[in-house]
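Single-letter residue listing:
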Amino acid sequence: MATNKGVVYTKPGEVEVREIGFPDLVLKDGPGVNPLNVGRKCEHGVILKVIVTNICGSDQHMVRGRTTAPSGLVLGHEITGEVIEVGRDVEFIKKGDLVSVPFNIACGRCRNCKQQDTHICENVNPDRPGSAYGYVDMGGWVGGQSEYVMVPYADFQLLKFPDKDQAMEKILDLTMLSDIFPTGYHGAVSAGVKPGSTVYVAGAGPVGLAAAHAAQILGASVVIVGDLIEERLAQARSFGCETVNLRQHDKLEEQIEQILGIPEVDCAIDAVGFEASGHGEGAGEAPATVLNSIMGATRAGGRLGIPGLYVTGDPGAEDAEAKEGTLKIRFGLGFAKAHTFVTGQTPVMKYHRDLMQAILSGKAQIAKAVNATVISLDDAPAGYKEFDGGVAKKFVIDPHGMLK
């Protein structure tokens, strides 16, 4: 019988590479699997040999113990792979196809999917709309930081690359299509970025860097990136962004004024989420910091794109309200300035084909922007620790050693 290895969350601060079950077209019981999903038949699905998969900042929230993720959960929702088995009901995807997998699991049949709101599919998670691979409270679909994985609803979801050889040449860019490139792009689109816009991006992690690159593609005149870590800011400067070190400067609007001549931008993107820190030397965790600061720094009538993750349960929060996702947001400020807020996970399928074309044509160089760095599956635990330390890298896992 074929074997399979995957990255498994064991306890706060630790992941291990373990033998896991080979994927099946029937969803089996396991850590995090919703009991109502056990036994679910997926003849509309495929089995993939994972070519590349990535470590995401959202995975880090679970690994840090900041969610209710159960021990034993197989991680990973950024998946690119080759089809090795197709279910009985799959018509258009074939064995041998090289495909990108949207991190949102979506049926293609419900009202939300038909409206392209695939991030809130009504049929894949018994608890609430929306689902993802290897993620807490998302229905228990097995993650893809592994050698092999099952993907349901293949005909609807999968993005097939038109030429396998060309795709392998650009695989470090194309692997970003499963999540962070569409997520960064969605943040920029949600913020209303257009030719000539001035844009502030909070956070120089991979999603923030992807949002900054997306803003450039959309024609922004100036993109300013703020972060607490100089190495990550240097990465943002490497592809033409202005930067603000928020460890050294606690007044964002003053820093924006030094760059633009006025203390505000047209639009802003929150690529940090609920584990935000305060600004200034010695500041501690303050989960509403980014939301409040971008309201202050965005012009009246501006838009705020919020792809950064916010959760309904945070057991590691410092106060009781934050533990249930209740944050001290200056909503009155946003109301007074008539801001538009766009939140929620990214509907990847709305963007991934267009972004694939941008990559294949050479218009987008997302791997360079986020500093894609290849590691083996066995090196994933070390990658998690290094990523948690704030390095300016996007770790790409090569489970079968195909990129050496």
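For the structure itself, look to the data block above.
Computed from a predicted model, the values in this text were never measured in an experiment.

1. Let's talk about the packing of aromatic side chains
One pair of aromatic rings is described through two measures. These are the centre distance and the angle between the planes.
Part 1: Inspection of every chain in the model, using the stated rule, returns three aromatic pairs.
Part 2: Taking the centre distance of 5.4 Å and the plane angle of 70° together, the rings of Tyr185 and Tyr351 count as edge-to-face. Separated by 166 residues along the polypeptide, Tyr185 in helix H6 (residues 180–190) and Tyr351 in the loop between strand E13 (340–342) and helix H13 (352–360) bring together distant segments of the chain. Taken as a pair, Tyr185 and Tyr351 share a single burial class, namely buried.

2. A word on the pairing of strand E5 (residues 98–101)
It is a general feature of regular strands that their side chains alternate between the two faces of the sheet.
Part 1: In E5, alternate side chains face the same way, and those of Leu98 and Ser100 on one face and Val99 and Val101 on the other are all buried.
Part 2: In the sheet, strand E4 (residues 79–86) pairs with E5 via four bridges, with the strands oriented antiparallel. Within E5, the position partnered with Gly81 by the bridge is Val99.
Part 3: Pairing between E5 and strand E7 (residues 159–160): two bridges, direction antiparallel. If you follow Val99 over to E7, its bridge partner there is Lys160.

3. Considering the packing of helix H9 (residues 252–260) against helix H10 (residues 289–297)
Part 1: Contact geometry for H9 and H10: axes closest at 9 Å, N-to-C directions at 45°. Between H9 and H10, the angle is such that the two are oblique. Here the hand of the crossing between H9 and H10 comes out right-handed. Judged by residue contacts, Leu252, Glu253 and Ile256 of H9 engage Ser293, Gly296 and Ala297 from H10.

4. Section: the side chain of Ser178
Part 1: Following the sequence through the fold, Ser178 ends up in the loop between helix H5 (171–174) and H6.
Part 2: By relative accessible area, Ser178 is classed as buried at 0%.
Part 3: Within the structure, the side chain of Ser178 is placed 3.2 Å from the backbone oxygen of Thr175, a separation counted as a polar contact.
Part 4: Contacts of Ser178, omitting those with residues within four sequence positions, involve Asn54, His77, Glu78, Ile79, Ser100, Val101, Pro102, Phe103 and Val348.

5. Some words on the nonpolar core
Part 1: The biggest cluster of nonpolar side chains holds 50 residues, and the ones touching the most others in it are Leu177, Val193, Val201 and Val225.
Part 2: With sequence-adjacent residues up to four places away left out, Val201 is seen in contact with Gly208, Ala211, Ala212, Val223, Ile224, Val225, Gly226, Ile269 and Ala271.
Part 3: One finds Leu48, Val83, Val101 and Val124 within the second-largest nonpolar core, a separate group that totals 29 residues.

6. Let's talk about H9
Every α-helix carries 3.6 residues per turn, so stepping three or four residues along brings you back to the same face.
Part 1: Along H9, the residues classified as buried are Leu252, Gln255 and Ile256. Down the axis of H9, the buried side of the element spans an arc of 100°, and every buried residue falls inside it.
Part 2: Tucked into the core, H9 has its buried residues touching strand E8 (198–202), strand E9 (222–227), strand E10 (242–245), strand E11 (265–270) and H10.
Part 3: Just beyond H9, the residue with positive phi is Gly261, at close to 90°.

7. Points about H6
Part 1: Here H6 lies mainly inside the structure; ten of its eleven residues are buried.
Part 2: Along H6, the residues classified as buried are Ile180, Phe181, Pro182, Thr183, Gly184, Tyr185, His186, Gly187, Ala188 and Ser190.
Part 3: Immediately beyond the C-terminal end of H6, within one or two residues, lies Gly192, with a positive phi of roughly 80°.

8. Quick look at the sheet that holds E8
Part 1: Strand order in the open sheet formed by six strands is E10-E9-E8-E11-E12-E13, and the pairing between neighbours is parallel. Taken across any chain shown, the strands that pair with only one partner, and hence form the sheet edges, are E10 and E13. For this sheet the average axis-to-axis angle between neighbouring strands, irrespective of direction, equals 20°.
Part 2: This element, H6, spans E11, strand E12 (298–305) and E13 of the sheet and lies at about 155° to E12.
Part 3: The strands touched by helix H8 (residues 230–237) within the sheet are E9 and E10, with E10 carrying the most contacts at an inclination of about 170°.

9. A look at the pattern of salt bridges
Part 1: Inspection of every chain in the model, using the stated rule, returns 18 salt bridges.
Part 2: A salt bridge links Lys5 to Asp378, with the shortest nitrogen-to-oxygen separation between them at 3.1 Å. Of this pair, Lys5 sits in strand E1 (residues 5–11) while Asp378 is found in the loop between strand E14 (372–376) and helix H15 (380–388), placing the two residues 373 residues apart along the sequence.
Part 3: Since its relative accessible area comes to 22%, Lys5 is described here as partly exposed.
Part 4: Across the pair Asp24 and Lys28 runs a salt bridge whose closest N-O atoms are separated by 3.9 Å.
Part 5: Beyond isolated ion pairs, a larger network of salt bridges with shared partners links Arg64, Arg66, Glu275, Glu285, Asp314 and Asp388.

10. Quick look at the environment of Phe156
Part 1: One can find Phe156 in helix H3 (residues 154–157).
Part 2: The exposure class of Phe156 is partly exposed, given its relative accessible area of 29%.
Part 3: Sequence separation of Phe156 and Met349 is 193 residues, and the distance between their C-alpha atoms is 9.5 Å.
Part 4: Apart from the residues within four sequence positions on either side, Phe156 is in contact with Ala106, Cys107, Gly108, Cys113, Thr118 and Met349.

Thresholds, definitions, all that
Within any chain, residue numbers begin from 1 and follow the written order of that chain's sequence. In keeping with the model being predicted, local features are shown solely for residues with a pLDDT of at least 70 and side-chain atom pairs are shown and tallied solely at 80 or more, while totals for entire chains, interfaces and linings include all residues. Remark: hydrogens and water are excluded; side-chain values derive from all non-hydrogen atoms of the structure. Pairing of aromatic rings covers Phe, Tyr and Trp, the last counted by its six-membered ring, and requires centre-to-centre distances within 6.5 Å; plane angles under 30 degrees mean stacked, over 60 mean edge-to-face, and any other angle means tilted. Only DSSP runs of H or I covering at least 4 residues are called helices, and only runs of E covering at least 2 are called strands; the numbering of each starts at the N terminus. Only protein chains enter the accessibility calculation, which uses a 1.4 Å probe; a residue whose area is less than 20% of its type maximum is buried, one above 50% is exposed, and one in between is partly exposed. Only strands joined by at least two bridges in the DSSP assignment are considered to pair. Between the N-to-C directions of two axes lies an angle of 0 to 180 degrees, each axis being a line fitted to C-alpha atoms and, for a helix, fitted only over the stretch in contact. An angle counts as roughly parallel when it lies under 35 degrees, as roughly antiparallel when it exceeds 145, as roughly perpendicular when it falls between 65 and 115, and as oblique in every other case. Take the far helix as the reference: if the near one is turned anticlockwise from it by less than a right angle, the crossing is left-handed, and if turned clockwise, right-handed. Residue contacts are counted whenever heavy atoms from the two residues lie within 4.5 Å of one another. In the analysis that follows, any N or O atom pair within 3.5 Å is treated as a polar contact, provided that within protein one partner can donate a hydrogen and the other can accept it, and provided that, for residues neighboring in sequence, both atoms belong to side chains. Among buried residues, the Ala, Val, Leu, Ile, Met, Phe, Trp, Tyr and Cys ones that are joined through side-chain atoms within 4.5 Å form a nonpolar core. The directions from the helix axis to the C-beta atoms are what the arc is built from. Criterion for a salt bridge: a side-chain nitrogen of Lys or Arg within 4 Å of a carboxyl oxygen of Asp or Glu.

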